[in-house]
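Per-entry structural report
If you want the building blocks of each chain, they are given just below.
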There are 2 protein chains.
Amino acid sequence: MNNLLVAQSGGPTAAINATLVGVLQGVRASGKIDKVYGAKNGIEGAIKGNLIDLNDIVRDTKAMDTLTYTPSSALGTCRYKMKDWRKDDEPYKKIIETFYKHDIKYFIYIGGNDSMDTVDKLSEYCKLNGHDFIIMGAPKTIDNDLNLTDHSPGYGSAAKYIATTISELACDIGAYDIPAVTIVEIMGRNAGWLTASAALARLNGGPGADLIYLCEKDFDNARFISDVKEKLAVKPGILVAISEGIKDKDGNYVSDQVSSGAVDNFGHKYIAGAARVLENLVRNEIGCKVRSIELNLMQRCAAHIASETDIIESLMLGQKALSCALDGETGRMAAIKRLSDEPYRVEFISVPVNEVANHEKTVPLNWITPDGHDVTDEIIAYMKPLIQGETNVKFANGIPMQIKLY
Amino acid sequence: MNNLLVAQSGGPTAAINATLVGVLQGVRASGKIDKVYGAKNGIEGAIKGNLIDLNDIVRDTKAMDTLTYTPSSALGTCRYKMKDWRKDDEPYKKIIETFYKHDIKYFIYIGGNDSMDTVDKLSEYCKLNGHDFIIMGAPKTIDNDLNLTDHSPGYGSAAKYIATTISELACDIGAYDIPAVTIVEIMGRNAGWLTASAALARLNGGPGADLIYLCEKDFDNARFISDVKEKLAVKPGILVAISEGIKDKDGNYVSDQVSSGAVDNFGHKYIAGAARVLENLVRNEIGCKVRSIELNLMQRCAAHIASETDIIESLMLGQKALSCALDGETGRMAAIKRLSDEPYRVEFISVPVNEVANHEKTVPLNWITPDGHDVTDEIIAYMKPLIQGETNVKFANGIPMQIKLY
């Protein structure tokens with residue numbers, strides 16, 4: 001029996017189910033897989049033997065279509081870090097047991113950095129211990145910080161959500177004629193790719209974000225206040241985009257500046273984001289109207305405004321991961337190689353997963369403007385193709401249709 | 001000369017420009033208006049004589065189409081409360097001066113409660129002081145708290161954004177199998193209409209929000225914790241929707257519970273929303289993973305997910321306000337009368353603005369379930385038609401097209 005197991009891991013995205021569908025489409029097209037199982041909650045499902053039968057859905061085009069546009073991980077997710085098998089091989093043995101029990105020959109793991117670490121360790125374990133299983137990775141992360149792939153599925157949709165939202169917020173803020181600062185906090189602890197997408201809100205000539213601060217560059221409170229004052233001198237409503245992970249020159253998170261002393265009247269320590277810290281800073285230093293906004297989970301699950309380019313590429317990467325697996329590749333990840341920006345052309349390749357795992361691709365410093373509060377044309381040319389196209393998401397009763405697999 | 005002045009006021013919505021377009025369409029269709037002006041930043045523009053020429057846009061169908069789907073107030077907005085003219089008639093005199101100077105006979109003011117108060121006072125002033133001007137109101141508010149109209153333009157689009165977002169957040173949260181509570185704070189200080197729309201996320205069978213608390217009902221911390229524990233006993237990821245204006249039985253805002261003592265390490269008093277207060281409460285009382293999300297300005301300006309029903313009605317109300325004005329009606333507001341829920345049928349009427357101004361329509365208590373943490377089928381039947389249909393918003397470069405009028 002040539003059975004296949006697929007699983008999803010890490011933070012949800014608007015495109016990770018499209019990659020799952022890509023795998024299932026590949027299964028159907030190849031005719032080389034007998035049965036398809038999904039592991040519930042990532043590798044944990046493989047360890048516990050907690051599998052879902054996916055054979056019915058492979059034959060149901062309509063369900064696959066709905067699954068493509070359903071956000072988050074339909075198989076469930078986890079944040080499980082595999083230990084070195086030389087120190088603790090228990091989980092490895094259990095996974096192998098699950099594989100043998102269900103005649104699974106192929107395992108495709110869709111996820112980010114930690115998941116690729118799992119693919120790396122598991123494929124190495126299998127090779128060195130004489131187990132003939134194929135372990136392939138398919139990339140996913142809104143953070144876009146995966147190495148060896150031009151960009152990561154999920155990023156384009158999150159970037160489209162952010163660019164759209166920033167353009168709408170700019171309209172909202174622009175209606176008032178009193179000085180006001182709005183600070184939008186965007187996901188990204190160490191990589192500012194998502195925050196940079198705030199610049200895309202200007203593509204049609206609108207104002208978009210007036211100031212953009214990525215976590216790759218040291219953040220300076222005094223400089224920030226001076227930047228804001230300079231912008232306020234020109235127009236009343238200022239929109240600022242910041243990475244959640246902005247840090248000062250000593251490497252301390254701006255968001256940590258508040259958690260030290262503040263308590264509410266239940267006596268609990270206050271946990272606040274960077275935007276909220278800066279909101280208080282503006283209130284104190286400038287004294288104008290100020291508001292902070294966290295785009296929060298919406299930026300990773302707003303499938304209704306997903307990028308069609310991202311969804312198609314996510315599908316293709318699922319198909320690619322499957323075809324590599326059928327070709328006998330193991331310990332590798334399906335990836336995107338960009339051939340040109342305009343016209344936008346890519347090809348799908350596979351890369352060694354051990355060069356992906358535990359690396360983090362951040363925004364090159366020369367893609368941030370020298371003044372530190374904006375991004376360059378190079379990164380705009382890089383990002384722009386990734387948000388193109390609107391998806392064919394179906395609505396029923398006024399809300400997007402979604403599917404549950406269990 | 002039969003000139004017309006139009007203005008927008010109050011908080012932006014995704015549909016207020018559609019009402020402006022409705023007025024302009026009415027102007028074009030009637031052929032009875034010579035020139036159309038827009039007042040910048042609401043009634044303040046009329047007071048200061050700060051007008052924009054809108055004649056070109058009346059003839060540009062494409063621009064009108066883009067304006068229809070551009071969020072926020074394209075003419076700018078204000079939060080200006082007119083004083084009683086018997087106490088201070090200065091602003092009234094200035095408005096009248098603007099009217100005479102530009103041969104303005106008709107004034108249409110698009111806005112919420114405060115704007116209708118302006119329409120009321122200004123029309124009364126004109127009548128009693130022998131000025132033959134026509135002053136008409138057109139409704140707008142995401143809060144849906146306007147009296148004498150079945151619902152308000154802008155509400156349906158905000159409700160569609162909320163229902164969609166809650167359905168997507170439910171997918172995100174549902175992917176994890178560890179106990180976690182996510183609390184979503186929705187606009188509404190005194191009226192819970194928007195929060196109630198979180199229930200619409202369940203229309204296609206998805207889980208949507210597990211608990212919904214409107215500001216119309218006293219909020220009890222202990223009861224809330226007990227509700228959450230009860231839900232957590234059944235499934236791991238719980239989604240809670242609350243109105244920003246929830247209050248305890250003594251009428252104190254839940255959001256006030258934090259502002260008394262908390263300061264950050266700049267020494268600033270902390271201003272937090274109700275969801276953040278409850279986040280800390282859950283952390284302390286239950287100890288599970290917990291997160292708070294504010295839908296913030298996005299809920300009022302997310303034009304990319306506007307309701308087609310809302311946009312069409314907003315257009316129609318602009319047309320209705322104009323046709324009433326041309327018929328000589330003054331001191332009145334265009335409004336919606338519902339004829340039936342299913343099939344959904346409405347008619348457009350006009351109502352006396354003095355019965356709209358300074359009233360606030362809240363959610364009837366019998367539309368909240370007796371347990372206080374959900375809404376009834378009656379309000380779902382009321383809300384459901386208002387979020388139907390997706391708009392024809394155009395995209396360019398991957399983001400929605402928008403127009404600026406100045």
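See the structure above.
First, a word on what this report is: a plain description of the structure on this page. Model, not experiment: these values are computed from the prediction.

A few words on the interface of chain B and chain A. Between chain B and chain A, the residue contacts involve 80 residues of the former and 79 residues of the latter. Here chain B and chain A share an interface that buries about 6400 Å² over both sides, 52% of which is from carbon and sulfur atoms. On inspection of chain B and its partner chain A, the count reaches four salt bridges. Between Glu 294 of chain A and Arg 276 of chain B there is a salt bridge, with the nearest N and O atoms lying 3.1 Å from each other. There are 37 residue pairs in polar contact (both at pLDDT 80 or more) connecting chain B and chain A. At the level of secondary structure, the elements contributing two or more residues to the side of chain B that touches chain A comprise helix H2 (43-48), helix H7 (155-174), helix H10 (256-259), helix H11 (274-285), strand S9 (289-294), helix H12 (298-301), strand S12 (395-396) and strand S13 (399-400) of chain B. Element by element, the count of residues in the side of chain B that touches chain A is highest for H7 of chain B, at twelve residues. Taken together, the residues that form the side of chain B that touches chain A break down as 36 nonpolar, 28 polar and 16 charged.

Attention now moves to the relation of the copies chain B and chain A. When chain B is fitted to chain A, the best match, at an RMSD of 0.0 Å, comes from turning it 180° and sliding it 0.0 Å along the axis. Accordingly, the operation relating the two chain copies is best matched by a two-fold axis. Same-surface contact between copies: 99% of interface residues of chain B are shared with the interface of chain A.

This part covers unusual backbone geometry. With an omega of 5°, the peptide bond between Glu 342 of chain A and Pro 343 of chain A qualifies as cis. With respect to the helices, strands and loops of the structure, Pro 343 of chain A is situated in the loop between strand S10 (332-340) and strand S11 (345-352). For Asn 144 of chain A, which is not glycine, the phi dihedral falls at a positive 60°. Checked against the element boundaries, Asn 144 of chain A lands in the loop between strand S5 (134-139) and helix H7 (155-174). Given a relative accessible area of 0%, Asn 144 of chain A falls into the buried group. Despite not being glycine, Asn 296 of chain B shows a phi value in the positive range, around 50°. Structurally, Asn 296 of chain B can be placed in the loop between S9 and H12. On the accessibility criterion, Asn 296 of chain B (5% relative accessible area) is buried.

What follows is about the pairing of strand S8 (residues 237-243) of chain A. Residues and elements named next belong to chain A. Within S8, seven of the seven residues are buried, which leaves the element mostly enclosed by the surrounding structure. Direction of pairing for strand S7 (residues 211-213) relative to S8: parallel, over a ladder of three bridges. Counted as the bridge partner of Leu 211 is Val 240 from S8. Each parallel crossover has a hand, and for S7 linked through helix H9 (residues 221-232) to S8 it is right-handed.

With that out of the way, let us pick up the packing of aromatic side chains. Within the structure shown, the criterion is met by 24 aromatic pairs over all chains. For the pair Trp 193 of chain B and Tyr 382 of chain B, a centre-to-centre distance of 5.2 Å together with 40° between the ring planes defines the contact as tilted. Within this pair, whereas Trp 193 of chain B is found in helix H8 (residues 193-196), its partner Tyr 382 of chain B is found in helix H14 (residues 377-383), the two being separated by 189 residues in sequence. Just as Trp 193 of chain B is buried, Tyr 382 of chain B falls in that class too. Judged by centre distance (5.2 Å) and plane angle (80°), the ring pair of Tyr 213 of chain B and Phe 219 of chain B falls under edge-to-face. Phe 219 of chain B shares its class with Tyr 213 of chain B; the two are buried. Here a set of aromatic residues connected by ring pairs shows up, and it is made of Phe 99, Tyr 100, Phe 107, Tyr 109 and Phe 133 of chain A.

An α-helical turn contains 3.6 residues, so a residue and the one three or four places further along point in the same direction. If you check H7 of chain B, its first and last C-alpha atoms are 28 Å apart, about what 20 residues at 1.5 Å a residue would give, namely 28 Å. Most of H7 of chain B is tucked away: 19 of the 20 residues are buried.

Before going further, it helps to spend a moment on the nonpolar core. In this structure, Tyr 161, Leu 169 and Ile 379 of chain A together with Tyr 161, Leu 169 and Ile 379 of chain B are the most contacted members of the largest nonpolar core, which totals 90 residues. Non-local contacts of Leu 169 of chain A, meaning those with residues more than four positions away in its chain, are made with Val 184, Leu 239 and Ile 293 of chain A together with Leu 297, Met 298 and Cys 301 of chain B. If you look at the next biggest cluster of nonpolar residues, it comprises 44 residues, including Tyr 69, Ala 74, Tyr 106 and Ile 336 of chain A.

We now examine the pattern of salt bridges. A complete count under the given rule lists 40 salt bridges over all chains for this structure. Its salt-bridge partner being Asp 65 of chain A, residue Lys 394 of chain A comes within 3.6 Å of it at the nearest N-O pair. One end of the pair, Lys 394 of chain A, is in the loop between helix H14 (377-383) and strand S12 (395-396); the other, Asp 65 of chain A, is in helix H4 (residues 61-68), and 329 residues separate them in sequence. You can call Lys 394 of chain A partly exposed: its relative accessible area is 40%. Two residues, Glu 329 of chain B and Arg 332 of chain B, come together in a salt bridge whose shortest N-O distance is 3.0 Å. What makes Glu 329 of chain B partly exposed here is its relative accessible area of 23%. Relative accessible area serves as the criterion here: at 26%, Arg 332 of chain B is assigned to the partly exposed category. Among the ionic contacts, a cluster of salt bridges with common partners joins Lys 81, Asp 114, Asp 117 and Lys 121 of chain A.

On to the environment of Ser 30 of chain B. All names here are of chain B. Looking at the secondary structure, you find Ser 30 in helix H1 (residues 16-30). C-alpha of Ser 30 to C-alpha of Ile 286: the two residues are 256 residues apart in sequence and 63 Å apart in space. Beyond its immediate chain neighbours, meaning those up to four positions away, Ser 30 contacts Leu 322 and Leu 326. Within the structure, Ser 30 has its side chain in polar contact with the backbone oxygen of Val 27 (distance 3.2 Å).

Here we come to the pairing of strand S8 (residues 237-243) of chain B. Residues and elements named next belong to chain B. Here S8 shows no split at all, with Gly 237, Leu 239, Ala 241 and Ser 243 on one side and Ile 238, Val 240 and Ile 242 on the other all buried. Bridge count between strand S6 (residues 180-186) and S8: seven bridges; the pairing is parallel. If you follow Val 184 over to S8, its bridge partner there is Ala 241.

What counts and how
- Residues numbered from 1 in each chain as written.
- Chains lettered and ligands numbered in written order.
- Predicted model: local features only at pLDDT ≥ 70, side-chain atom pairs only at ≥ 80, totals over all residues.
- Heavy atoms only, no water.
- Contact = heavy atoms within 4.5 Å.
- Buried area = accessible area lost by both parts, 1.4 Å probe.
- Salt bridge = Lys/Arg side-chain N within 4 Å of Asp/Glu carboxyl O.
- Polar contact = N/O pair within 3.5 Å; in protein donor to acceptor, adjacent residues only side chain to side chain.
- Helix = DSSP H or I, 4+ residues; strand = E, 2+ residues; numbered from the N terminus.
- Nonpolar A, V, L, I, M, F, W, Y, C, P; charged D, E, K, R; others polar.
- Least-squares fit on C-alpha atoms with pLDDT ≥ 70 in both.
- Buried < 20%, exposed > 50% of the residue type's maximum accessible area, 1.4 Å probe, protein only.
- Pairing = 2+ DSSP bridges.
- Right-handed = clockwise from strand over helix to strand, strands pointing away.
- Phe/Tyr/Trp six-rings, centres within 6.5 Å; stacked < 30°, edge-to-face > 60°.
- Expected span 1.5 Å × (residues − 1).
- Core = buried A, V, L, I, M, F, W, Y, C linked by side-chain atoms within 4.5 Å.

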